[in-house]
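# Descriptive structure summary
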Amino acid sequence: MVIENIGILAGIVPEGVLRKEGAAQGETGLLENAWLRIKDGRIAAFGPMSTLPCSDSEESLDADGGLVMPGFCDSHTHVVYAGSRDGEFLDKINGLSYEEIAARGGGILNSSDLLHRTSEEDLFHQSIVRVKEMMDKGTVAMEIKSGYGLNPADELKMLRVIRRIGQTVPATVRSTFLGAHAVGRGYTHEQYVQTVINLIPQAAEWADFVDVFCDEGFFTVEDTARILEAARGLLVPKIHANELAVSGGVQVGVQYGALSVDHLERTTDAEIEALKGSITMPTMLPGSSFFLGLPYGRAKDYIKAGLGVALASDYNPGSSPSGDMRFVMAQGCIKMRLTPVEAFNAVTLNSAYAMGLSGELGSVTVGKKASLILTRPGWDLTKIAYQYQTPFIQQVIL
């Protein structure tokens, strides 16, 4: 198939470029009045309309001047969960903090209780609705975490549901074992850390990554190191860090070769220095800052220091109940002062990198999967972030 009459082809990146860092985060290839060929589900070629080879037998799609861009890649979600936590929404309105709600038995433990009472089949059907909603909004790849099970049976139930989602939808799905999301009910802290460690070999049969909530009131740097050491050679690390306090999670993540360290609402220059020269992608979650009233990550400072930044939705029932990556891109511009191109790279190529997928997705590159967004006529990258509530998608191509 050939997409013809593309107003702007955005996100053109040379083969072999897996992430954008420093000044390069503000750059992307653009081609006006273009065509793009898809063969066997992959990008086969593209160029200006003046070079389009004639073919009467090839199926064509008229973009009618719309923009074509790589679909959004969401590298941090908790989209598999049961029920809702809208009662806690009222608690937040009434002034309770995230930590206060958790201390009263709400938060993650509330989701764990709901999930325990929910059958695996029902959990799948509740979750697939959210996944399809994300796809309709242009997300073509997503990472989904466990972490609301908080005991071996329910954590594995979550991982099986994530696997089933990946087998059901055309979007690319990566799975993360986040057993260390909070201490499960009935365990002491030490008992639970050891339970997570003991579960890693089974979890590795279902998951791609291991994650730890290394933050104040949850798991320490020492807990995190023990869990990552146990997962060495079995699961690739990803870390929750610095959402509630400067925790040391970034440093321990870099030490163990984490693919990403996520949240980073609270950060110092020490975290930026620790990330320099590493394989680790700093990933910020502006939806959580928006919903909880937390500081926004210092994305500009990271980029000025020569690092790349990814943005993800953190879609979850308690602190970011939205998987709209277009809104995440807009918040990157409005609240974090990223340029539209910097934010675009953060929600495409760099977020694909944070899932180990940037060799396959996240840019317009010959050989990559043709998982694309075709917009309505007249759109560009600035307008997508600026008019962040106006419908812009004509078609999502997966």
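Everything in this summary refers to the structure shown in the same document. (Residues numbered from 1 in each chain as written. Predicted model: local features only at pLDDT ≥ 70, side-chain atom pairs only at ≥ 80, totals over all residues. Heavy atoms only, no water.)

As a further point, take the overall build of the chain. Secondary structure assignment for the chain yields 15 helices and 15 strands. Its C-alpha atoms give the chain a radius of gyration of 21 Å, within 12% of the compact-globule value 21 Å for 398 residues. The principal-axis extent of the C-alpha atoms belonging to the chain is close to 70 × 45 × 45 Å. In the chain, buried positions account for 58% of the 398 residues. Sequence-distant contacts, at least 24 apart, represent 73% of the contacts inside the chain between residues at least 6 apart. Within the structure as shown, the chain displays about 14900 Å² of accessible surface, and the carbon and sulfur contribution to it stands at 51%. (Helix = DSSP H or I, 4+ residues; strand = E, 2+ residues; numbered from the N terminus. Rg over C-alpha atoms; globule rule 2.2 N^0.38 Å. Buried < 20%, exposed > 50% of the residue type's maximum accessible area, 1.4 Å probe, protein only. Contact = heavy atoms within 4.5 Å. Areas by Shrake-Rupley, 256 points an atom, 1.4 Å probe, with all protein chains shown as cover.)

In this section: the side chain of Asn316. Tracing the backbone through its elements, the reader meets Asn316 in the loop between strand S13 (310-311) and helix H12 (325-334). At 2.8 Å, the side chain of Asn316 forms a polar contact with the backbone nitrogen of Gly318. Here Ser319 takes part through its backbone nitrogen, which lies 2.8 Å from a polar atom of the side chain of Asn316. Contact partners of Asn316, with chain neighbours within four places excluded, come to His78, Tyr81, Tyr148 and Pro321. (Polar contact = N/O pair within 3.5 Å; in protein donor to acceptor, adjacent residues only side chain to side chain.)

The subject of this paragraph is the nonpolar core. In terms of nonpolar packing, the biggest core is built from 92 residues, with Ile144, Ile165, Phe177, Ile227 and Leu311 touching the most fellow members. Counting residues per element, this core draws most heavily on helix H6 (residues 189-203), at seven residues. Ignoring anything within four residues of it in the chain, the contact list for Phe177 reads Ser146, Glu155, Leu159, Val196, Leu199, Ile200, Ala203, Ala207, Phe209, Val210, Asp211 and Leu235. In terms of nonpolar packing, the next biggest core, distinct from the first, is built from 16 residues, Ala63, Val68, Val364 and Ile397 among them. (Core = buried A, V, L, I, M, F, W, Y, C linked by side-chain atoms within 4.5 Å.)

All right, on to the packing of aromatic side chains then. All told, the structure shown has seven aromatic pairs when counted by the stated rule. Summarising the aromatic geometry, the rings of Tyr187 and Tyr192 are spaced 5.1 Å apart at their centres and angled 70 degrees between planes, so their arrangement reads as edge-to-face. A relative accessible area of 27% places Tyr187 in the partly exposed class. Note on Trp379 and Phe392: the rings are 5.8 Å apart at their centroids and 55 degrees apart in plane angle, and the pair reads as tilted. Of this pair, Trp379 sits in the loop between strand S14 (372-377) and helix H15 (381-386) while Phe392 is found in the loop between H15 and strand S15 (393-397), placing the two residues 13 residues apart along the sequence. The exposure class assigned to Trp379 is buried, which follows from its relative accessible area of 6%. (Phe/Tyr/Trp six-rings, centres within 6.5 Å; stacked < 30°, edge-to-face > 60°.)

In space, the eight strands of this open sheet follow the order S6-S7-S8-S9-S10-S11-S12-S13, with parallel pairing throughout. Since the sheet does not close on itself, it has two edges, and those belong to strand S6 (72-77) and S13, each with one partner. Bridge analysis of S6 against strand S7 (residues 139-145) gives four bridges, and the strand direction is parallel. Considered in S7, the bridge of Cys73 is made with Ala141. Contacting S7 and strand S8 (172-180), helix H5 (residues 152-168) runs over the sheet at an angle of about 175 degrees to S8. Helix-sheet contacts for helix H7 (residues 221-231) involve S8, strand S9 (209-214) and strand S10 (236-241), and the interaxial angle to S9 is about 170 degrees. (Pairing = 2+ DSSP bridges. Axes fitted to C-alpha atoms, helices over the stretch in contact; angles between N-to-C directions.)

Across all of its chains, the model carries 17 salt bridges by this definition. Across the salt bridge formed by Asp324 and Lys137, the nearest N and O atoms sit 3.8 Å from each other. Highlighted residues: Asp324 in the loop between S13 and H12 and Lys137 in the loop between helix H4 (120-136) and S7, separated in sequence by 187 residues. Taking relative accessible area as the criterion, Asp324 reaches 13% and is therefore assigned buried. Judged by relative accessible area, Lys137 falls into the partly exposed class, the value being 33%. Measuring nitrogen to oxygen at the nearest pair gives 2.6 Å for the salt bridge that ties Lys145 to Glu143. Since its relative accessible area comes to 0%, Lys145 is described here as buried. (Salt bridge = Lys/Arg side-chain N within 4 Å of Asp/Glu carboxyl O.)

This brings us to unusual backbone geometry. Phi is positive for Asn242, which is not a glycine, with a value near 65 degrees. The topology assignment puts Asn242 in the loop between S10 and helix H8 (249-255). Positive phi values are uncommon outside glycine, yet Arg337 reaches one of about 60 degrees. Relative to the helices and strands, Arg337 resides in the loop between H12 and helix H13 (340-347).

Where H4 meets H5, the axes come as close as 10 Å, and the angle between the chain directions of the two elements is 50 degrees. When the axes of H4 and H5 are compared, the pair comes out oblique. Taken as a pair, H4 and H5 cross one another with a handedness that is right-handed. From H4, Glu120, Glu121, Leu123, Phe124, His125, Ser127, Ile128 and Val131 reach across to H5, where they touch Lys157, Met158, Arg160, Val161, Arg164, Ile165 and Thr168. Residue composition of the contact of H4 with H5, grouped by class: seven nonpolar, three polar and five charged. (Parallel < 35°, antiparallel > 145°, perpendicular 65-115°, else oblique. Left-handed = near helix turned anticlockwise from the far one by under 90°. Nonpolar A, V, L, I, M, F, W, Y, C, P; charged D, E, K, R; others polar.)

Coordinates in, geometry out; function isn't part of it.
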